[in-house]
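# What the coordinates show
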Amino acid sequence: MIQEILIDLFGNEIVAFIISAALPLVFIVPFVIFAVWLERKVSAHMQDRLGPMRVGWHGVLQTVADFIKLVQKEDIIAADADKKMFILAPIMVFAGSYAAYAAFPFSSAYIGSGVDVGIFFVIAISSVVVAGLLMAGWASNNKYSLYGAMRSAAQIVSYEIPTALVILSIVMVTGTLSLAEMSELQAGGFWNWQIFGGAETGLVKILLIPFMIIAFIIFYISSLAEVNRTPFDMPEAESELVSGYHTEYSGMKFSIFFLAEYANMFAVSAIAAILFFGGYQSPFGYIGDLLGIDWLVPFEQLFWFAMKGLFFVFVQMWLRWTLPRVRVDQLMTICWKYLIPYAFVNLIIIGLITLI
Amino acid sequence: MKQYLRNSWDGIWTVLVGMKITFMHMFTKSVTIQYPTVKVKLPERVRNRLYVNMDDCIGCLQCERACPVSCIEIETVKSVPSEDLGTTSNGKKKALHVTTFNIDFAKCCYCQLCVFPCPTECIYMTETYEFSEFERNSLNYKFATLTPEEVVDKKQKLEVFDAEKAAAKAEAEKAKAEEAAKKTAEDKPETEN
């Protein structure tokens, strides 16, 4: 919808689509600035501290100040680093996580690309991030970076499987891969959300609820691992690997990694919201509908989408200060011995229920 | 199988318990003190930067002697009897001009040993603890109130007084000697005669 408006406005499809493609960036950058501050505040308060308090009200502008500092920093490339790959890696990581945003329906009026294979595209394109991380670790020519990158790759590749299986079970219920259609299917209040059995009625809905909750838990755990968050933050593991694959990065390149990391955090949260919690759908209905103002509805949807995403980002931060880091063997145990069998059983049960 | 299910249940359940605890901590009062704006109340007998009330100092050097690290440096000049230096707040008569009273806080170990011997209680601990400097020399605090000109003046006065005194003494001695000589001279003829 926004694309059409932009085409009308500029009279040129190329310009319109470039602007449309840049729109998620307008969302990501303020989100990252806010999320970094939120992370610091949440972690501080969970440890009975205050966190940043000086820059602006309760330190809200802290991230802006930090960013300005980062931009001023010297852009160091280590002497023995593989220069080309070293420069390419952060770009690739960010491109991978940004590309995923193309398939997200931010509201009924805006979706970067209304591809029918939406969720499939997201899973596929987010694997580019793994390549980027490996590249960063390898090009840095630093043992800690390489360890971090290797762990990251092993972890992300392992946890793609339970994620994919859960997504598959959702796809079986909804019968579509398109994220926009999935969101559309969950319209009309929170009881129509996928976690409460979706828009089905009767016995099927009630039978689906417990299995959807299990599916959500599996999805959430594996998504945590995919974005390298605690308790699965082995690739970064500050206390053992300095900071993993971005040890050697400084200045702008480091901030791009940071941006990509937080963009990824929101991306998986947004996928969780779309698959299980109705995407951009409001849980109660819209003020715009109530007042008869049509243009307000998409903005409300954007608000709900952002809120749901932010909530899951908050839960990620919450978990970070609750759980210690798992060991490598525990990490693999959780994935291969627990999540994957559960995901398979869950997939079969959900498949059987949908047959009813 | 039973153990397996139990493990998975424990995994989820203990995470939730932990999450509850961290969530409760989000709303407990934080222990942070916003230092430069908010300061903790200091204990009553806290030992920080020294202060010397020069009005009360009698230049007895007790504190200088007590100091284990020799960070106090005092020089005094005697006063001339014609000058009245007044008394200290606890009634002691001041007899010395304290021309130098330096405390080097770079050396000071804040042991408070200098405080107790002071007969007039003029050296004491304050509550100031923020006095860091960029130059080590700026930590050498000078408490003496006399200006260099005054010091020179006092020294000259003392010299003049001493000289006068010495002269008077010499004169007196001379007179005495003369008298004695006279006496012997007077005595002599008698014995000779």
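One can find the structure itself at the top, above this paragraph.
I will try to describe carefully the structure that is included in this document. (Residues numbered from 1 in each chain as written. Chains lettered and ligands numbered in written order. Predicted model: local features only at pLDDT ≥ 70, side-chain atom pairs only at ≥ 80, totals over all residues. Heavy atoms only, no water.)

## Quick word on the interface of chain B and chain A
Of the residues lining the interface, 21 residues belong to chain B; the matching set on chain A comes to 20 residues. A combined buried area of about 1800 Å² lies between chain B and chain A, and 64% of that area is made up of carbon and sulfur atoms. Looking at the side of chain B facing chain A, the largest losses of area belong to Tyr4(B), Met19(B) and Met26(B), adding up to 31% of the total buried there. Viewed at the interface, chain A and chain B are joined by 10 residue pairs in polar contact (both at pLDDT 80 or more). The residue inventory of the side of chain B that touches chain A, partitioned by class, reads 10 nonpolar, 10 polar and one charged. (Contact = heavy atoms within 4.5 Å. Buried area = accessible area lost by both parts, 1.4 Å probe. Polar contact = N/O pair within 3.5 Å; in protein donor to acceptor, adjacent residues only side chain to side chain. Nonpolar A, V, L, I, M, F, W, Y, C, P; charged D, E, K, R; others polar.)

## Notes on helix α9 (residues 203-226) of chain A
Counted at 1.5 Å a residue, the expected span for α9(A) with its 24 residues is 34 Å, and the 34 Å between its end C-alpha atoms agrees. Just past α9(A), the residue Asn228(A) takes up positive phi, approximately 55°. (Helix = DSSP H or I, 4+ residues; strand = E, 2+ residues; numbered from the N terminus. Expected span 1.5 Å × (residues − 1).)

## What about the pairing of strand β3 (residues 96-104) of chain B?
All names here are of chain B. Counting buried residues along β3, eight of its nine residues qualify, which places the element largely inside the surrounding structure. Direction of pairing for strand β2 (residues 72-78) relative to β3: antiparallel, over a ladder of seven bridges. Looking at β3, one finds that Thr-76 is bridged to Val-98. (Buried < 20%, exposed > 50% of the residue type's maximum accessible area, 1.4 Å probe, protein only. Pairing = 2+ DSSP bridges.)

## Considerations on the sheet that holds strand β5 (residues 140-142) of chain B
All names here are of chain B. Read from one edge to the other, the open sheet built from three strands follows the order β2-β3-β5, with strand pairing classed as antiparallel. If you trace the sheet from one side to the other, it starts and ends with β2 and β5, each paired once. Strand-to-strand twist in this sheet, taken as the mean axis angle between neighbours without regard to direction, amounts to 15°. With three bridges joining them, β3 and β5 adopt antiparallel strand pairing. If you follow Asn-102 over to β5, its bridge partner there is Lys-142. (Axes fitted to C-alpha atoms, helices over the stretch in contact; angles between N-to-C directions.)

## Focus on unusual backbone geometry
Negative phi is the rule for most residues except glycine; trans is the rule for most peptide bonds. Even without being a glycine, Asp48(A) presents a positive backbone phi close to 60°. If you trace the backbone, Asp48(A) turns up in the loop between α2 (13-46) and α3 (62-72). Looking at Asp48(A), the relative accessible area reads 17%, which means it is buried. Positive phi values are uncommon outside glycine, yet Tyr110(B) reaches one of about 55°. Secondary-structure assignment places Tyr110(B) in the loop between β3 and β4 (123-125). Given the relative accessible area of 23%, Tyr110(B) is considered partly exposed.

Function-wise, these values are silent; they only describe arrangement.
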